[in-house]
Amino acid sequence: MPEALLETRGLGKTFGAVVAAEDVSVSVAAGEIVGVIGANGAGKTTFCNMVTGYLTPDQGRILFRGADITGCTVGEATAAGIHRSFQIPQLFPGLTVYENLLLSVGVFGHRRPPWWRPLVRPETQQEARRVMEQYRIADSAETRVDRLPQGVRKLLDIAMAMVGGPAMILLDEPTSGISTEEKFDVMGNVIDALRSSGATVLFVEHDMDVVGRYADRVIAFREGRVLADGAPREVLENPAVIEHVVGRRPPRPTDA
Amino acid sequence: MMALAAIVVDSLVYASWLFIVSIGLTLIFGVMNVLNVAHGSLYALGAYTAAWGVGMYVGGAPDAGFVLLAIMLVAAIVVGVLVGILIERGVLRWVYGRDEIVIVLATYAVFLVLEDVMKLIFGPESYIAFQPRFLFGTVSVAGIPYVGYDLLLVPLVALIGVGIWAAIHRTRPGKLLIAVIHDREIASALGINVARFFTVTFLCGAILGALGGALSAPLISVVPGIGVELIVLAFAVVVIGGLGSVEGAAIGALLVGLGRTAAVFFRPELELFVVFVVMTVVLAVRPEGLFGKPQTRRI
Amino acid sequence: MTALRNIRPTTAGIVLAAAALLGLWPLLPAWAAHTAAVSLGGGLVALGLMILIRFGLVSFGQGLFFAIGGYAAALANQFLGITDMLVLSVAGIAAAGMIAWALGYIVRGHRGIFFAMLNLAFSMILFGILAKTVALGSTDGFSVGVPTLLGVAPGPEAGRLTFVLFGFIVISSALVAWMVDRILASPVGYAGQGVRENELRLRYLGVSARGAVHLAYIMAAKLAALGGVFTVLLIGHVTPEDTAYWTKSGEFVFVAILGGAGNVAAPFIAQTVFELVRTFALQYVPEAWQMLLGITLLLVILFLPGGLWSLVDRLRGRDA
Ligand SMILES: Nc1ncnc2c1ncn2[C@@H]1O[C@H](COP(=O)(O)OP(=O)(O)OP(=O)(O)O)[C@@H](O)[C@H]1O
Ligand SMILES: [Mg+2]
């Protein structure tokens with residue numbers, strides 16, 4: 001097995017009586033595309049939150065490139081090269097798609113952004129346009145984000161997460177809110193873009209067909225614990241996974 | 001010993017006053033997320049109207065008895081309902097859904113308008129309505145004579161506070177109100193008329209503000225600018241306890257009351273300073289106040 | 001709210017405006033020159049608030065730094081005998097900068113009404129101190145002599161507002177406005193829009209939102225202090241009530257909202273409108289001055305959320 005890029009050891013997190021993570025130990029190798037599945041409330045987002053420094057785990061350690069990054073801030077995780085997209089897109093709603101990317105490109109990686117030079121320069125403009133084209137959202141360039149359809153928001157959210165070229169990216173339900181017909185198209189495009197950037201990918205997904213198609217490996221969560229971890233076929237056909245994750249999937253009113 | 005007793009009694013009286021003048025503010029914020037700067041105007045209008053009413057009545061009947069209290073109460077209700085409706089239906093409903101701070105600015109605009117309206121109606125002179133204050137004679141506590149009205153303020157305000165608490169936690173409309181506070185969208189999806197709750201809450205808060213003013217009228221000289229001074233004090237009280245919390249406002253009032261009274265006894269020049277230092281410390285360390293719950297954002 | 005495209009170089013406009021004011025000096029009647037200068041002073045405070053508004057923040061206590069600037073200049077004049085307007089300005093800015101730097105560690109984590117209230121509390125503390133400290137003049141405050149510049153003292157026949165003071169205020173305001181315009185177009189300025197629009201995303205871009213807020217807070221404080229110095233030099237007097245009390249802070253917020261956050265010129269235009277209307281209102285309808293303010297503020301909130309500057313944008317055919 002190649003050396004792990006990301007490794008978690010015994011992560012635990014509780015919210016009051018709710019156990020959102022318990023003894024979560026996983027490892028992701030550089031270049032891998034890992035799918036994460038689990039019912040609602042299984043702790044998938046909590047996992048992403050801990051790895052990116054948004055939440056500090058109650059127990060356990062997080063190692064990235066062998067270095068302990070447990071307890072680091074969101075900014076530090078970003079600086080280390082771990083980026084993420086969100087289940088509910090986190091955009092700058094009053095600005096246009098182009099401005100969202102321009103801002104992202106211009107401030108990225110500056111813990112304390114400079115104040116003595118303009119942000120809008122040929123380099124930043126070019127880069128913002130390139131990203132727009134790569135994620136096929138250039139048609140909406142001049143549209144204010146709060147007037148965008150959900151699908152484009154999702155794409156913009158991922159595009160913004162890719163600004164700065166992460167070593168590892170966590171995608172939290174990249175296809176939620178996108179119609180079944182479009183899912184493969186969108187996901188195919190995203191995965192292509194991510195592959196060409198060389199980023200290691202971990203994506204949370206509820207659609208098992210999408211998982212089966214794009215993941216090199218699948219991790220299934222249940223009630224904060226890792227239920228299964230292995231090759232997609234193996235995990236998706238695991239009886240426990242079928243019972244707790246695949247089989248009984250309740251409708252998801254939150255994905256409006 | 002006597003100084004201690006005096007401080008305790010004075011603090012309690014002052015805290016009761018602070019509570020009654022700020023409870024409406026926190027109630028409105030708790031339900032509607034509106035930090036109502038015009039609360040200061042409601043207070044001043046209540047005080048003016050009560051003082052004017054008392055003055056009119058006393059002018060004709062020098063031996064007025066408890067009618068004066070009724071006049072003050074009616075003044076508060078009339079002011080609260082009229083001005084409350086005007087503010088809520090006339091202004092606030094157009095800004096619901098906008099940024100919290102924009103709503104604050106809108107109420108600040110109302111405050112500015114009402115400041116001048118009061119000057120136009122009541123003129124620049126001061127109104128004094130001391131008569132109700134002497135209805136209850138004097139009472140001696142630990143050898144110090146107190147005006148009965150001041151002391152009666154304490155149980156009266158305690159009663160009002162408990163009444164509000166019970167109305168929220170022990171009645172059906174109160175429980176529905178908690179649902180509205182908890183999540184407006186879900187409440188309205190469940191068929192609760194959120195707009196109605198807003199209007200009623202605002203009216204209650206407005207009446208309480210005006211009542212605070214009416215009850216203060218016998219204690220102060222009612223002049224232009226009392227609303228300006230009051231509103232910052234009321235902010236301090238509700239922020240210390242936690243914006244939106246009735247219990248918090250009570251604790252905030254006690255803390256500020258104690259702090260100010262102690263300052264008045266020992267270092268009078270620190271009076272204002274103490275209040276805002278406490279407010280600053282609470283805001284800096286626990287912005288949600290002593291009784292508020294910190295909000296964490298889920299993503 | 002203003003979108004990014006509204007940031008554009010206004011250097012030419014600033015130079016033109018400053019040159020026009022200086023050129024008009026011989027023609028301006030005394031009251032007009034005074035109004036212009038006072039509007040620049042107040043406009044600087046509103047400009048600072050505008051930076052904060054672009055960060056999504058409103059301070060209900062900017063009078064704090066206005067007072068610090070005014071009092072720093074007045075104290076330096078009174079107790080150190082300094083009369084040089086440049087030195088007094090630097091003193092005001094330095095004092096405010098240091099205090100804002102320290103307070104910034106407290107406020108930079110606060111947003112929304114908590115930010116507004118915390119600043120209100122700060123300013124009321126200062127008001128309490130100033131109003132009760134005899135050495136600082138208590139509620140009466142104290143007076144400031146006529147300032148000089150680099151050894152040039154005005155003749156005894158000249159009034160308080162000399163060409164030197166006027167020119168100094170015009171040129172420094174122009175310089176400051178130009179700098180702010182540049183800063184708003186820099187990554188920090190854009191980070192401010194990020195704080196306002198979605199702080200979480202900004203953090204995930206590796207930016208310290210708190211650090212950016214801290215910086216904006218210090219900048220706004222320095223601008224308010226410079227405005228305070230100018231105002232004191234123009235009026236010749238400083239009191240707690242006219243600087244640190246919350247009603248003064250409310251006025252500055254009013255001006256900032258009236259102008260809008262679209263351009264660095266907006267706060268100055270709004271402050272000028274404010275001063276002119278006040279002059280006439282106090283003369284003809286003194287009882288209705290605050291009512292006028294209140295109604296205007298309501299109208300702006302309801303119908304012109306981008307402030308007066310959005311009218312300019314509309315004239316130019318842009319959507320505000
Ligand atoms: N900040 C929080 N405070 C309290 N409870 C939380 C918080 N975040 C998550 N939880 C709880 O932790 C559990 C795991 O939540 P998490 O969001 O990680 O689930 P998930 O697998 O992402 O689910 P979904 O598929 O619905 O997105 C849930 O029961 C949730 O209610
Ligand atoms: Mg989730």
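See the structure above.
Description of the packing of aromatic side chains
Here's step 1: Considering all chains together, one arrives at 27 aromatic pairs over all chains under this definition.
Here's step 2: Ring geometry for Phe86(A) against Tyr204(C): centres 5.0 Å apart, planes inclined by 80 degrees, an arrangement best described as edge-to-face. Placement of Phe86(A) in the loop between strand 7 (82–84) and helix 3 (97–107) and of Tyr204(C) in helix 7 (residues 187–204) is noted, with the two residues assigned to different chains.
Here's step 3: Judged by relative accessible area, Phe86(A) falls into the buried class, the value being 2%.
Here's step 4: When the centroid spacing of 6.0 Å and the interplanar angle of 85 degrees are considered together, the rings of Trp115(A) and Trp116(A) count as edge-to-face.

Quick look at the coordination of the magnesium ion (ligand 2)
Residue and element names in this part refer to chain A.
Here's step 1: Within the first shell, the magnesium ion (ligand 2) binds the protein through Thr 45 (OG1) and Gln 87 (OE1), at distances of 1.9 to 2.2 Å. Pair noted here: Thr 45 is in helix 1 (residues 44–51) and Gln 87 is in the loop between strand 7 and helix 3, with a separation of 42 residues, a long-range link. The same class applies to Thr 45 and to Gln 87, which are both buried.

Observations regarding the nonpolar core
Here's step 1: Ranked by size, the top nonpolar core spans 268 residues in total, and within it Ile37(A), Leu101(A), Ile137(A), Phe203(A), Met279(B), Phe65(C) and Trp246(C) carry the most contacts.
Here's step 2: The residues contacting Phe65(C), other than those within four sequence positions of it, are Ala96(C), Ile99(C), Ala100(C), Leu103(C), Tyr217(C), Ala221(C), Ala224(C) and Ala225(C).
Here's step 3: One finds Leu5(A), Val28(A), Cys48(A) and Val74(A) within the second-largest nonpolar core, a separate group that totals 34 residues.

Some remarks on the pairing of strand 4 (residues 33–38) of chain A
All names here are of chain A.
Here's step 1: The buried fraction of strand 4 is high, at six of six residues.
Here's step 2: With burial as the criterion, each face of strand 4 is covered, one bearing Ile 33, Gly 35 and Ile 37 and the other bearing Val 34, Val 36 and Gly 38.
Here's step 3: Direction of pairing for strand 4 relative to strand 9 (residues 200–204): parallel, over a ladder of four bridges. Looking at strand 9, one finds that Val 34 is bridged to Leu 202.
Here's step 4: Bridge analysis of strand 4 against strand 10 (residues 217–222) gives five bridges, and the strand direction is parallel. Within strand 10, the residue paired with Val 36 across the bridge is Ile 219.

Focus on helix 3 (residues 63–80) of chain C
Residue and element names in this part refer to chain C.
Here's step 1: Taking 1.5 Å as the rise per residue, helix 3 with 18 residues should run 26 Å; its terminal C-alpha atoms sit 24 Å apart, in good agreement.
Here's step 2: The buried fraction of helix 3 is high, at 14 of 18 residues.
Here's step 3: A positive backbone phi angle near 70 degrees is found at Gly 81, which sits one or two residues after helix 3.

Topic: the site of ligand 1
Here's step 1: Lining the immediate environment of ligand 1, one finds 16 residues, of which Gly41(A), Lys44(A), Thr45(A), Thr46(A) and Gln87(A) sit closest.
Here's step 2: Nearby residues place ligand 1 at the junction of chains A and B.
Here's step 3: In this structure, Gly41(A) approaches ligand 1 through a main-chain N or O atom, which is 2.8 Å from an oxygen atom.
Here's step 4: Expressed as a share of its isolated accessible area of 640 Å², the protein-covered part of ligand 1 is 77%.
Here's step 5: Taken together, the elements giving at least two residues each to the shell around ligand 1 come down to strand 2 (18–24) and helix 1 of chain A.
Here's step 6: At three residues, helix 1 of chain A tops the list of elements feeding residues into the shell around ligand 1.
Here's step 7: When its residues are assigned to classes, the shell around ligand 1 shows five nonpolar, seven polar and four charged.

Notes on the pattern of salt bridges
Here's step 1: Applying the stated rule across the entire model yields 25 salt bridges over all chains.
Here's step 2: Note that Lys183(A) and Asp207(A) form a salt bridge whose closest N and O atoms lie 3.7 Å from each other. Here the residue Lys183(A) occupies a position in helix 6 (residues 180–197), and Asp207(A) occupies one in the loop between strand 9 and helix 7 (208–214), the gap between them amounting to 24 residues. By the burial criterion, Lys183(A) is buried, and Asp207(A) matches it.
Here's step 3: Note that Glu199(C) is salt-bridged to Arg111(C), the shortest N-O span being 2.8 Å. On the criterion of sequence distance, the pair formed by Glu199(C) in helix 7 and Arg111(C) in the loop between helix 4 (85–107) and helix 5 (112–132) is long-range, its members being 88 residues apart.

Observations regarding the interface of chain C and chain B
Here's step 1: Chain C puts 42 residues into the contact, and the matching count from chain B is 43 residues.
Here's step 2: Of the roughly 3700 Å² buried between chain C and chain B on both sides combined, carbon and sulfur atoms contribute 81%.
Here's step 3: Considering only the surface of chain C that becomes buried against chain B, Ile113(C), Trp246(C) and Gln290(C) emerge as the three largest contributors, covering 18% of it.
Here's step 4: Taken together, the connections running from chain C to chain B amount to zero salt bridges.
Here's step 5: On inspection of chain C and its partner chain B, the count reaches seven residue pairs in polar contact (both at pLDDT 80 or more).
Here's step 6: At 15 residues, the largest contribution of residues to the side of chain C that touches chain B is made by helix 5 of chain C.
Here's step 7: Counted by class, the side of chain C that touches chain B contains 31 nonpolar, eight polar and three charged residues.

Cut-off values and rules
Residues numbered from 1 in each chain as written. Chains lettered and ligands numbered in written order. Predicted model: local features only at pLDDT ≥ 70, side-chain atom pairs only at ≥ 80, totals over all residues. Heavy atoms only, no water. Phe/Tyr/Trp six-rings, centres within 6.5 Å; stacked < 30°, edge-to-face > 60°. Helix = DSSP H or I, 4+ residues; strand = E, 2+ residues; numbered from the N terminus. Buried < 20%, exposed > 50% of the residue type's maximum accessible area, 1.4 Å probe, protein only. Donors = N, O, S within 2.8 Å, 3.2 Å for Na, K, Ca; no water. Core = buried A, V, L, I, M, F, W, Y, C linked by side-chain atoms within 4.5 Å. Contact = heavy atoms within 4.5 Å. Pairing = 2+ DSSP bridges. Expected span 1.5 Å × (residues − 1). Near = heavy atom within 4 Å. Polar contact = N/O pair within 3.5 Å; in protein donor to acceptor, adjacent residues only side chain to side chain. Areas by Shrake-Rupley, 256 points an atom, 1.4 Å probe, with all protein chains shown as cover. Nonpolar A, V, L, I, M, F, W, Y, C, P; charged D, E, K, R; others polar. Salt bridge = Lys/Arg side-chain N within 4 Å of Asp/Glu carboxyl O. Buried area = accessible area lost by both parts, 1.4 Å probe.

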